[in-house]
Amino acid sequence: MDIMVEDKEEIVVDNQFELDVNGQEEEQIYPMNGIKVDKGFYTVFELKRRYDAPQKRIILDSDFQRESVWNQQRKAELIESVLMGLPLPIFYFNQDKYGRLIVVDGRQRLTALFEYMNDGFALNKLKILPKMNGLRFSELPSMMSGRIEDYQLQAHVILPPTPDRIKFDIFDRVNRGGVQLNKQEIRNALYQGEATRFLNRLVKSQEFMEATGYAFEKEKRMKDKYLINRFIAAFLYRNDSIIEDDGSVYVYKDDIDELLGKALDSINHMSSDEIKDMENMVLSTLNKSFFYMGKDAFRLIKEGRRTPINMNVFETIMYALLFVPEMDVNKKKAINMKIAEFLNHAEFRENIGNHRDSAAKFKWRLDCAERIGRSFL
């Protein structure tokens, strides 16, 4: 297996178990017609051609795959195995709706193959084919270079329109040998592009650091990106900015993972100006959060103790502050008190309890947040 992530994790987000693939509140029954996984064979040459295309048709650079880069000897041993015709473990790809293949498992192997074919390193310390030591790809006898190009890789391909929640389970099962990926790490692989770069810039911003009290300074499991993803999804959804493939406006149906994925897909198809405007909006709202609510804005107080950051509080406060004035010192106390009163109200606490991401509870939170924010215009 190629995938590996850090396994030491601090609890900084309340209910972060929901990020676990098996952490949903209740069991979900998947329709069998929603599961589409195909078996395929690809030559190394074909996959490299896709990778080298101006518009890349195979995606290798998944930020979520955090294991150390293979050393030269391990790369050389892989090439030796291919030259000998030995079978490699099965590869797993996700095919998106645009036909691109995103590597779920096998990134390091493909990276090593492509690097060698680009003369990126010479073979060394080979034990079975020592005569090949010191040779780069362009220096191989034509018969041997042809073996590499013609070598067939077996892959299982997850096809659209397989729902994200099913892809999460597939990722999880593929990765049973290592530390389990969480949903946001998987989303980061499925929706690479402008959206993932957008999230990365925001969580590294000074505005986000201050607004969250530097809680995510050492974050390695993308819980910070999960918070921003939720807020952006709420913002896009409320503005009817998430469009289905048939041109209709997306309707939320109790599946928060579907909403978060569709939000990232929408960002990937925005213009650079639209993304910049949205980035400025998020940074401005984070600034307002720190100004009006302080560094513990997104934490609930329970029995006098400071709790982890709450994802529902984050999206609610951020959505409310969209509608309040920029840093108005004359309204600071009133805004702070009104939002704090709402967060401590029994009805809000009940809303973020069981089934907190149902369509009804999601709508209620955002409706209340908008009313509070607009009351200060």
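The rules we used
- Residues numbered from 1 in each chain as written.
- Predicted model: local features only at pLDDT ≥ 70, side-chain atom pairs only at ≥ 80, totals over all residues.
- Heavy atoms only, no water.
- Helix = DSSP H or I, 4+ residues; strand = E, 2+ residues; numbered from the N terminus.
- Buried < 20%, exposed > 50% of the residue type's maximum accessible area, 1.4 Å probe, protein only.
- Contact = heavy atoms within 4.5 Å.
- Areas by Shrake-Rupley, 256 points an atom, 1.4 Å probe, with all protein chains shown as cover.
- Phe/Tyr/Trp six-rings, centres within 6.5 Å; stacked < 30°, edge-to-face > 60°.
- Lys NZ or Arg CZ within 6 Å of the ring centre and 35° of its normal.
- Pairing = 2+ DSSP bridges.
- Axes fitted to C-alpha atoms, helices over the stretch in contact; angles between N-to-C directions.
- Salt bridge = Lys/Arg side-chain N within 4 Å of Asp/Glu carboxyl O.
- Polar contact = N/O pair within 3.5 Å; in protein donor to acceptor, adjacent residues only side chain to side chain.
- Expected span 1.5 Å × (residues − 1).

Another point: the overall build of the protein. On a plain count of helices and strands, the protein comes out with 15 helices and eight strands. The buried share of the protein, taken over its 377 residues, is 53%. Residue pairs at least 24 apart in sequence account for 75% of intrachain contacts in the protein once pairs closer than 6 positions are excluded. Only carbon and sulfur atoms are counted for the fraction: they give 50% of the accessible area of the protein, which is about 18,100 Å².

So, on to the packing of aromatic side chains. What the rule picks out here adds up to 15 aromatic pairs. The interplanar angle of 35° and the centroid separation of 5.6 Å between the aromatic rings of Phe 208 and Phe 216 together place this pair among those described as tilted. In terms of burial, Phe 208 and Phe 216 fall into one category: buried. For the ring pair Tyr 319 and Phe 323, a centre distance of 5.4 Å and an interplane angle of 75° mean the geometry is edge-to-face. A connected cluster of aromatic rings, assembled from ring pairs, spans Tyr 237, Tyr 250, Tyr 252 and Phe 362. Here the guanidinium or amino end of Lys 56 rests over the ring plane of Tyr 51, the centre of that ring lying 3.8 Å away.

Okay, the sheet that holds strand 6 (residues 152-158) next. Taken in spatial order, the five strands line up as 2-6-4-5-3 in an open sheet, and their pairing is mixed. For this open sheet the edge positions go to strand 2 (37-43) and strand 3 (58-59), each flanked by a neighbour on one side alone. Of the pairings in the sheet, the one linking strand 4 (residues 91-95) to strand 5 (residues 101-105) comprises four bridges and is antiparallel in character. When the sheet's bridge partners are listed, Gln 95 is paired in strand 5 with Leu 101. Seen against the sheet, helix 1 (residues 44-52) touches strand 2, strand 3, strand 4, strand 5 and strand 6 and runs at an angle of roughly 95° to strand 2. Strand contacts of helix 3 (residues 107-117): strand 3, strand 4, strand 5 and strand 6, with the helix running at about 120° to strand 5, the strand carrying the most contacts.

Let's shift gears to the pattern of salt bridges. Going through the model one piece at a time under the given rule, you end up with 27 salt bridges. For Arg 365, the salt bridge is made with Asp 357, and the minimal N-O distance between the two is 3.4 Å. As far as the burial class goes, Arg 365 and Asp 357 line up, both buried.

Attention shifts here to the pairing of strand 4. Along any regular strand the residues' side chains alternate between the sheet's two faces. One ladder, built from four bridges, connects strand 4 with strand 6; its direction is parallel. Residue Phe 91 lies in a different strand from strand 6, and its bridge partner there is Ala 155.

Relative to the helices and strands, Asp 255 is located in the loop between helix 9 (223-238) and helix 10 (256-268). Look at Asp 255 and you get buried, because its relative accessible area is 12%. There is a polar contact of 3.2 Å between the side chain of Asp 255 and the side chain of Arg 165. A polar atom in the side chain of Asp 255 sits 3.2 Å from the backbone nitrogen of Asp 257. Among residues more than four places away in sequence, those in contact with Asp 255 are Arg 165 and Tyr 250.

Its 13 residues give helix 10 an end-to-end C-alpha distance of 19 Å, which sits within 8% of 18 Å, the value for a rise of 1.5 Å per residue. Among the 13 residues in helix 10, 11 count as buried, and that is most of the element. For helix 10, the set of buried residues is Ile 256, Asp 257, Leu 259, Leu 260, Gly 261, Ala 263, Leu 264, Asp 265, Ser 266, Ile 267 and Asn 268. Check the buried side of helix 10 and you find it contacts helix 5 (164-174), helix 6 (183-190), helix 7 (194-203), helix 9, helix 11 (272-293) and helix 15 (359-374). If you check the start of helix 10, you find a side-chain oxygen 3.2 Å away from the backbone N of Asp 257, and it comes from Asp 255.

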